[in-house]
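What follows is each chain in one-letter form.
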Amino acid sequence: MNEIEQEIATVTGASGVSRDAVLQELWSGYGEIVRYSLSGCALPSVVVKQIKLPAEVAHPRGWGSDRGHARKLRSYEVETAWYSHFAADCGDEARVARCYGVIGEGVDVALILEDLDAAGYDRRVQDADELALQAALGWLAAFHARWQGASTDRLWPRGSYWHLATRPDEWAAMPEGPLKQHATALDQALENARFKTLIHGDAKIANFCFDSSGQRLAAVDFQYVGLGVGVCDLAYFLGSCLDGQALEERGAQCCDFYFACLEGQLLARDDMAAAEIKALIHEWRTLYPVAWADFERFLAGWSPGHPKLNSYSARMTRQALSRLV
């Protein structure tokens, strides 16, 4: 057995460990995700996310830079901290992969994770139907409620991969106009929110694993988890699975469903007064268009022809900017 296989055997009690299949290459060549089959223990398999620094960074959209490289390295340190110190406390309603062990430290690391396919979360969704939408929105609400008021220096001080402080090059590449001019004001509106939680930071539909019913799911990929307002995840998620027309037709309904779930989850926690919960929901509803505008700012510099720049995101951006000028 090699080092990884030996560690898998140690943490799972397996008598046999064999490399099965590469499930995914990591973004820009930073490693791979591999399934290992097990024998002689209760688990049929595990998934290992192994970070391997590339000899040369080749960003798919040409954004390879020292700043981007440093951000990526920090993201893997954050993900290791997440699985080591936070993941086990998410609960069933905000299900995440269990972490069985960590090999190495810093950016030279491999995470031994639960195989969600083997746990019954083996369905991936691209075009979300009503059941999948509600399941994911319910997950986001449960996750945000669970970590509302969290404070930690182990994760990103600002969750999400696109916030302004980490994307000066993309801002510089934006065309001149109101969105570029007021980017800082939009950013500060989110940063200065009274109510903060942990946000997933990359809550696209591809990072949710569904069961066969489509009503239960678990989330993966916590490289950009950190403090923020829940509507940043909400806006990003909706944009990942609904096009402009679908958002115009269903966006308001999806928001209402998320906030109803969030209110229920916060009430169930029984550590926030009803008036505080209403204040949180009012603040986050007000910031929902701002979250859209903030992400549109990133896309406008990073990939100006991106399909997520649609009629709905443009309308949300106009609405956010109208409150600033």
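Residues numbered from 1 in each chain as written. Predicted model: local features only at pLDDT ≥ 70, side-chain atom pairs only at ≥ 80, totals over all residues. Heavy atoms only, no water.

1. Considerations on the overall build of the protein chain
So, point 1. When its secondary structure is counted, the protein chain shows 10 helices and 9 strands.
So, point 2. By the compact-globule yardstick of 20 Å for 325 residues, the protein chain fits well, its C-alpha radius of gyration being 20 Å.
So, point 3. Each principal axis of the C-alpha distribution contributes one length, and for the protein chain these read about 65 × 45 × 35 Å.
So, point 4. Scored against the burial criterion, the 325 residues of the protein chain give a buried share of 55%.
So, point 5. For the protein chain, the proportion of contacts with a sequence separation of at least 24, taken over those separated by at least 6, is 73%.
So, point 6. Accessible surface computed for the protein chain: about 14,100 Å², of which carbon and sulfur atoms make up 49%.
So, point 7. Between the averaged position of the 31 positive side-chain charges in the protein chain and that of its 43 negative side-chain charges there is a distance of 4 Å. (Helix = DSSP H or I, 4+ residues; strand = E, 2+ residues; numbered from the N terminus. Rg over C-alpha atoms; globule rule 2.2 N^0.38 Å. Buried < 20%, exposed > 50% of the residue type's maximum accessible area, 1.4 Å probe, protein only. Contact = heavy atoms within 4.5 Å. Areas by Shrake-Rupley, 256 points an atom, 1.4 Å probe, with all protein chains shown as cover. Lys, Arg positive; Asp, Glu negative; His and termini not counted. Charge placed at Lys NZ, Arg CZ, Asp CG, Glu CD.)

2. Quick word on the side chain of Asp202
So, point 1. Looking at where Asp202 falls in the secondary structure, it is placed in the loop between β6 (197-199) and β7 (208-210).
So, point 2. Despite its burial, Asp202 pairs with no opposite charge; the closest candidate is Lys204, at 4.3 Å N-O. (Salt bridge = Lys/Arg side-chain N within 4 Å of Asp/Glu carboxyl O.)

3. Brief notes about the packing of helix α7 (residues 230-241) against helix α9 (residues 274-302)
So, point 1. In contact at an axis separation of 8 Å, α7 and α9 are set at 55° when each is read in the N-to-C sense. With respect to α9, the axis of α7 lies oblique. Here α7 and α9 pass one another in a crossing that is right-handed. Only Trp284, Leu287, Tyr288, Ala291, Trp292 and Phe295 of α9 make contact with α7, whose side of the interface consists of Gly230, Val231, Cys232, Leu234, Ala235, Tyr236, Leu238 and Gly239.
So, point 2. Residues of the contact of α7 with α9, tallied by class, amount to 12 nonpolar, 2 polar and no charged. (Axes fitted to C-alpha atoms, helices over the stretch in contact; angles between N-to-C directions. Parallel < 35°, antiparallel > 145°, perpendicular 65-115°, else oblique. Left-handed = near helix turned anticlockwise from the far one by under 90°. Nonpolar A, V, L, I, M, F, W, Y, C, P; charged D, E, K, R; others polar.)

4. Things to note about unusual backbone geometry
So, point 1. You will see that Ser160, though not glycine, has its phi angle at about 95°, which is positive.
So, point 2. You can see Ser160 is positioned in the loop between α3 (130-146) and α4 (168-173).
So, point 3. Residue classification places Ser160 among the buried residues on the basis of a relative accessible area of 5%.
So, point 4. Not every positive phi belongs to a glycine, and Asp270 is a case in point at roughly 60°.

5. Concerning the pattern of salt bridges
So, point 1. With the rule as written, the count across this model stands at 22 salt bridges.
So, point 2. For Arg158, the salt bridge identified is with Glu191, shortest N-O distance 3.3 Å. Here Arg158 is found in the loop between α3 and α4, whereas its partner Glu191 is found in helix α6 (residues 183-191), with 33 residues between them in sequence.
So, point 3. With its nearest N and O atoms 3.4 Å apart, the salt bridge here joins Arg216 to Asp211.
So, point 4. Taken together, the shared-partner salt bridges in this structure form one network comprising Arg35, Asp115, Asp117 and Arg124.

6. A short note on the pairing of strand β3 (residues 45-51)
Remember that side chains alternate between the two faces of the sheet whenever the strand is regular.
So, point 1. Of all 7 residues in β3, 7 are buried; the element is thus mostly enclosed.
So, point 2. Here β3 shows no split at all, with Ser45, Val47, Lys49 and Ile51 on one side and Val46, Val48 and Gln50 on the other all buried.
So, point 3. Here strand β2 (residues 31-39) runs beside β3; their pairing, made up of 7 bridges, is antiparallel. Its bridge partner lying in β3, Gly31 is registered against Ile51.
So, point 4. Counting the residues that bridge the hairpin from β2 to β3 gives 5 residues, and of these Gly40 lies at a positive phi of roughly 80°.
So, point 5. Pairing analysis gives 5 bridges linking β3 to strand β5 (residues 108-114), with the strands arranged antiparallel. Considered in β5, the bridge of Val48 is made with Ile112. (Pairing = 2+ DSSP bridges.)

7. So, the sheet that holds β2
So, point 1. Taken in spatial order, the 5 strands line up as β1-β2-β3-β5-β4 in an open sheet, and their pairing is antiparallel. In this open sheet, the two edge strands, each paired with only one partner strand, are β1 (16-25) and β4 (99-105). Between one strand and the next, the sheet's axes are offset by a mean angle of 20°, whatever the strand orientation.
So, point 2. The strands touched by helix α2 (residues 66-85) are β3, β4 and β5; relative to β5, the strand with the most contacts, the crossing angle is about 40°.

8. Brief notes about the side chain of Asp294
So, point 1. Among the structural elements, Asp294 can be located in helix α9.
So, point 2. For Asp294, the side chain forms a polar contact with the side chain of Trp162, separated by 3.3 Å.
So, point 3. Other than its neighbours up to four places away in sequence, Asp294 contacts Trp162, His163, Asp187 and Leu190. (Polar contact = N/O pair within 3.5 Å; in protein donor to acceptor, adjacent residues only side chain to side chain.)

9. Examining the pairing of β2
So, point 1. A large share of β2 lies buried, amounting to 7 of its 9 residues.
So, point 2. Inspection of the sheet shows β1 paired to β2 by 8 bridges, in the antiparallel sense. For Gly16, the partnering residue across the bridge sits in β2 and is Ser39.
So, point 3. Taken together, β1 and the strand that follows it, β2, pair antiparallel across an intervening segment of 5 residues, in which Ser28 is found at a positive phi of about 65°.

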